[in-house]
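Reading the structure
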Amino acid sequence: MFNNNRFIFVQIGAENLQTKAEIDQEEKEFKSQSNPMKICVTNAASPVCYHLINGIAAGEIFGENQELTINLLGEDHDNQMLSGMQMEVVDLATNPTRGVVVSSDAREALKDCEAVIMLDQLVRDEEESEDAWLKRNADMFINRIRVIDEVCKPTVKVLIGGNGPINTSFFMMLKEVKNIDKKNIITMPRLVENQAKAILASKVKVKTSDVVDVIAWGDNEKYFCDINHARVHNHDGPIWGPPSYSRLATILVSKIAIIGAKFQFQLCIDY
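Quick summary incoming for the structure in this document. As the structure is a prediction and not an experimental result, all values here were calculated from the model.

Conventions used here
- Residues numbered from 1 in each chain as written.
- Predicted model: local features only at pLDDT ≥ 70, side-chain atom pairs only at ≥ 80, totals over all residues.
- Heavy atoms only, no water.
- Pairing = 2+ DSSP bridges.
- Helix = DSSP H or I, 4+ residues; strand = E, 2+ residues; numbered from the N terminus.
- Axes fitted to C-alpha atoms, helices over the stretch in contact; angles between N-to-C directions.
- Contact = heavy atoms within 4.5 Å.
- Salt bridge = Lys/Arg side-chain N within 4 Å of Asp/Glu carboxyl O.
- Buried < 20%, exposed > 50% of the residue type's maximum accessible area, 1.4 Å probe, protein only.

1. With respect to the sheet that holds strand β3 (residues 97–103)
Strands belonging to one sheet form pairs held by backbone hydrogen bonds; the direction of such a pair is parallel or antiparallel. Read from one edge to the other, the open sheet built from six strands follows the order β3-β2-β1-β4-β5-β6, with strand pairing classed as parallel. Where the open sheet ends on each side, the last strands, each with one partner, are β3 and β6 (185–187). Neighbour-to-neighbour, the strand axes of the sheet open up by a mean angle of 15 degrees, direction not taken into account. Strand contacts of helix α2 (residues 47–58): β1 (37–42), β2 (68–73), β3 and β4 (115–118), with the helix running at about 170 degrees to β2, the strand carrying the most contacts. Those strands touched by helix α6 (residues 166–174) are β4, β5 (157–160) and β6, and its axis lies near 165 degrees from that of β6.

Okay, here's the thing in structure tokens:
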């Protein structure tokens, strides 16, 4: 009886082992068919990242059918908070997300990335001169772009967001790029752009989203917003057209000067 039971258990063990091997092989083949896009968010401890990460995971940025591996890059002291963010993204169970990785090693997090969202910024100290602050920011962004240029894929797309002198930092970064197409690196002072669009929209009685192609020049909380190429959709004027129809903003508005609460920027038209 003992030998018979032993034989049965050995046979069951062999069958279980074979089944495990078949399941592992099926999983390996399934994963081989998946080619997730690897992206990285730098300074992932930023509150901006917390609000952005859900949209990334859900496919609102790179597409619902684009599989993603999301790398959250932060400092060592941010690991606990980023681990919590990692758990939240996993709990969302979104279809595009294939993995979320927390790292404080820039080279590891940026390795073979196809897209990088940079939220890096340095807060200006109260007694720090503007020149010193600009230099600190430029040095940080230059060091970051050197790593991106070295370890990311040559086709990587880099978006620079956040606050601070990002236009100046962006200009300095372009001088360091060797392997990446410079056209794939863009900066986005979107808050300033949207404020300018809102001002124009209020003047011509349209939604802010109906104003496009406003250009924000400048840096360090001093901006010049150029609307010479801006266009306005859905304007209730004498000329109507299909949804794609638009009119030059310079035709619809006159010169506007605005003093903001925190900074000054000017909407200017050259006739």
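2. Structural notes on the pattern of salt bridges
Per the counting criterion, the structure on display carries nine salt bridges. Residues D24 and K20 are paired through a salt bridge, measuring 2.6 Å at the closest nitrogen-oxygen approach. Highlighted residues: D24 and K20, both in helix α1 (residues 2–32), separated by four residues, approximately one helical turn. Judged by relative accessible area, which is 34%, D24 ranks as partly exposed. A salt bridge links R146 to E176, with the nearest nitrogen and oxygen atoms 3.1 Å apart. Here R146, found in helix α5 (residues 130–151), pairs with E176, found in the loop between α6 and β6; they are 30 residues apart in sequence, far enough to count as distant. With relative accessibility at 43%, the residue R146 sits in the partly exposed group.

3. Concerning the sheet that holds strand β7 (residues 211–212)
Pairing is antiparallel in the open sheet, where three strands are placed in the order β7-β10-β11. Looking along the sheet, the strands with just one partner apiece sit at the ends: β7 and β11 (246–248). In this structure, strand β10 (residues 231–233) lies alongside β11, joined through three bridges in antiparallel fashion. Looking across to β11, one finds that R231 is bridged to L248.

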